[in-house]
Amino acid sequence: MQNSKQQTKQDAMQQFDGVWLNANIATMQDNGSAYGSIKKAALAIKDGVIAYVGPQAELPAFDTLATPLYDMAGQWVLPGLIDCHTHLVYAGSRANEFEMRLNGANYQDIAAAGGGIKSTVAATRQASEQHLFVLAKQRLNTLLSQGVTTVEIKSGYGLDLENETKILQVASLLDQHHPISISKTFLGAHALPAEFANDADGYIESVCAMLPILQQLNLIDAVDVFCENIGFSLEQTRKVFAAAKALGLPVKAHAEQLSNLGGSALVAEFGGLSADHIEFLDEAGVQAMAKAGTVAVLLPGAYYFLRETQQPPIALLRQHAVPMAIATDLNPGTSPLCSLPLMLNMACTLFRLTPEEALLGVTRHAAKALGFADRGVLAAGMRADFGCYDISQPAELCYQFGVSTLQQLVIAGSEVNTKHTA
């Protein structure tokens, strides 16, 4: 009889796969406190999702003998970091161009020497899928060690069907074989390949023809265009967006980086996910993004590396409540910086974001920029992606760079070894 009662009581208990106790938790939700913080909190997971997050005193009863317990001893738990804009799959280096510029060469000099994006396209086309995988995995491992759990990877260094497919297949393989979750973006309209010299309209037709093929191979989660005077025009961008929309694919754009062409407003017109760079964005574009719910993705690494002086319109974005995401823009030409923590610091020091705004930019707002509704905050029912940090306050993640405080990383409910990834 006693055993039956004990069994009934045990059956009534919550069943968890792991419980984190004595934690300070920055949920990054809007709960009225900075960072959505909950002090003296607990977090429990079940089947890869968060089953409970809140005050430890309100944690439901569970079988403490059968459940792994983690004592945080006052450490902080934050959502897994999200790098929502990268060009992570590429081959070759452009360090020579870096040196040439510092020795006085201009853009024309570098282009005449075979540099610029043409150099990366040539190296990426020549590289095997296996080689690209190995290079990309090394970069992902670096991001993983920083607490990054989701990464967007763009194509755009192939510029033909064969090589764009190769890049996106590598991204898909990384998603299958690496702990980090990968979002795949088709950026065929990144630059004009040599085969279409002086025929940008013809190349845009080629890009539109690639879309259904790549979608059928399940290689596209979103479609991007470099909408700029040195990239593609508004009308050419509109053609790609229309082709993507016809296939049910969300859109985004590299926009307003060098001039105010109106690409951000066009993204908003199509209900797009994000407009990225946006240094020259005006108030009309900001208002269009606010109305559409389009995220502003800030890329302080490119701003820094190119020594730009035109800052994104942070005050206008705040005024119109446009969500601001932060990303590395990892690429070999304009942001060869594989560090999301560095971007947090740069967002604060260069763009004057508050630490809370910056951390929202690599969690909740970054998830929105990728169209994810299952991550970016810590709440019951969300994917169990989170990092545990030995810090006294969340602002430390923006304040200090180069010293890792990450103690534990969990992705989809499983603890990940961030130091020795196979």
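Residues numbered from 1 in each chain as written. Predicted model: local features only at pLDDT ≥ 70, side-chain atom pairs only at ≥ 80, totals over all residues. Heavy atoms only, no water.

A. Structural context of the confidence of the model for the chain. In the predicted model, the chain carries a mean pLDDT of 95, and 96% of its residues have values of at least 70. Here helix α1 (residues 2–12) stands out as the least confident element of the chain, with mean pLDDT 52; strand β6 (residues 81–83) is the most confident, with 99. (pLDDT = per-residue confidence, 0-100. Helix = DSSP H or I, 4+ residues; strand = E, 2+ residues; numbered from the N terminus.)

B. Structural view of the pattern of salt bridges. Summed over all chains, the structure comprises 12 salt bridges. A salt bridge links D17 to K46, with the nearest nitrogen and oxygen atoms 3.5 Å apart. Highlighted residues: D17 in the loop between α1 and β1 (18–26) and K46 in strand β2 (residues 37–46), separated in sequence by 29 residues. Overall, D17 belongs to the partly exposed group, its relative accessible area being 38%. Residue classification places K46 among the partly exposed residues on the basis of a relative accessible area of 28%. E152 serves as the salt-bridge partner of K252, at 3.2 Å between the closest nitrogen and oxygen. With K252 in strand β10 (residues 251–255) and E152 in strand β7 (residues 148–154), the pair connects residues that are 100 residues apart, well separated along the chain. We note that K252, like E152, is buried. (Salt bridge = Lys/Arg side-chain N within 4 Å of Asp/Glu carboxyl O. Buried < 20%, exposed > 50% of the residue type's maximum accessible area, 1.4 Å probe, protein only.)

C. Summary view of the nonpolar core. Core analysis: the biggest nonpolar cluster contains 112 residues, and L43 and F386 have the highest contact counts within it. Both domains that furnish three or more residues to this core are identified here as domain 1 (18–79 + 377–416) and domain 2 (81–370). Setting aside residues up to four positions removed in sequence, L43 forms contacts with G18, V19, W20, I25, I50, Y52, V53, V77, L378 and F386. In this structure, I82, V297, A366 and L370 belong to the second largest nonpolar core, which totals 11 residues. (Core = buried A, V, L, I, M, F, W, Y, C linked by side-chain atoms within 4.5 Å. Domains from an automatic or database assignment. Contact = heavy atoms within 4.5 Å.)

D. Quick peek at the layout of surface pockets. Volume-wise, the second largest pocket comes out at about 280 Å³. Lining the second largest pocket are 17 residues, and of these Q146, P341, V403, S404 and T405 lie nearest its centre. Among the secondary structure elements, those contributing two or more residues to the lining of the second largest pocket are α13 (340–349) and α16 (396–399). Across the lining of the second largest pocket, the residue classes break down as nine nonpolar, seven polar and one charged. Composition of the lining of the second largest pocket by domain shows at least three residues from each of domain 1 (18–79 + 377–416) and domain 2 (81–370). (1 Å grid on protein atoms, 1.4 Å probe; cavity = no way out; pocket = protein on both sides within 12 Å on 5 of 7 lines; lining within 4 Å. Points joined across faces, edges and corners; volume = space filled by probe spheres on them. Nonpolar A, V, L, I, M, F, W, Y, C, P; charged D, E, K, R; others polar.)

E. Molecular detail of the sheet that holds strand β13 (residues 324–326). The sheet built from eight strands is open, its strands ordered β6-β7-β8-β9-β10-β11-β12-β13 with parallel pairing. With one partner strand each, in any of the chains shown, β6 and β13 form the two edges of the open sheet. Neighbour-to-neighbour, the strand axes of the sheet open up by a mean angle of 25°, direction not taken into account. Here three bridges tie strand β11 (residues 274–277) to strand β12 (residues 295–298), and the two strands are oriented parallel to one another. If you follow S274 over to β12, its bridge partner there is V295. Taken strand by strand, helix α6 (residues 161–177) contacts β7 and β8 (181–189), and its axis lies near 170° from that of β8. (Pairing = 2+ DSSP bridges. Axes fitted to C-alpha atoms, helices over the stretch in contact; angles between N-to-C directions.)

F. View of the packing of helix α7 (residues 200–216) against helix α8 (residues 234–246). Contact geometry of α7 with α8 gives a least axis separation of 9 Å together with a crossing angle of 15°. Relative to α8, the element α7 is oriented roughly parallel. Remark: the crossing between α7 and α8 carries right-handed chirality. Contact with α7, carried on its side by A200, D201, I204, E205, V207, C208 and L211, involves Q236, K239, V240, A243 and A244 of α8 and no other residues of that element. (Parallel < 35°, antiparallel > 145°, perpendicular 65-115°, else oblique. Left-handed = near helix turned anticlockwise from the far one by under 90°.)

G. Examining a negative patch on the surface more closely. Negative charge collects at one region of the surface, where D199, D201, E205 and E235 lie side by side. Along the polypeptide, D199 turns up in the loop between β8 and α7. Overall, the relative accessible area of 35% leaves D199 in the partly exposed class. (Patch = residues over 30% accessible without salt bridge, like charges linked within 9 Å, V, L, I, M, F, W, Y side chains within 5 Å. Areas by Shrake-Rupley, 256 points an atom, 1.4 Å probe, with all protein chains shown as cover. Lys, Arg positive; Asp, Glu negative; His and termini not counted. Charge placed at Lys NZ, Arg CZ, Asp CG, Glu CD.)

H. Geometry of the UniProt feature "binding site: Zn(2+)" (unreviewed entry) in the chain. Under the present numbering, the feature "binding site: Zn(2+)" (unreviewed entry) in UniProt falls on H85, H87, H254 and D329. Look at the named residues: they lie 245 residues apart in sequence, but the longest C-alpha span between them is just 12.2 Å, so in the fold they bunch up. Along the chain, H85 falls in the loop between β6 and α2 (95–102). Sequence-distant contacts of H85, that is, excluding residues within four places in its chain, are made with E152, K154, H254, D276, V297, L299, A327, T328, D329 and L330. Inspection of the secondary structure puts D329 in the loop between β13 and α13. Overall, the relative accessible area of 2% leaves D329 in the buried class. (UniProt positions renumbered as here; feature names shortened; annotations may be inferred.)

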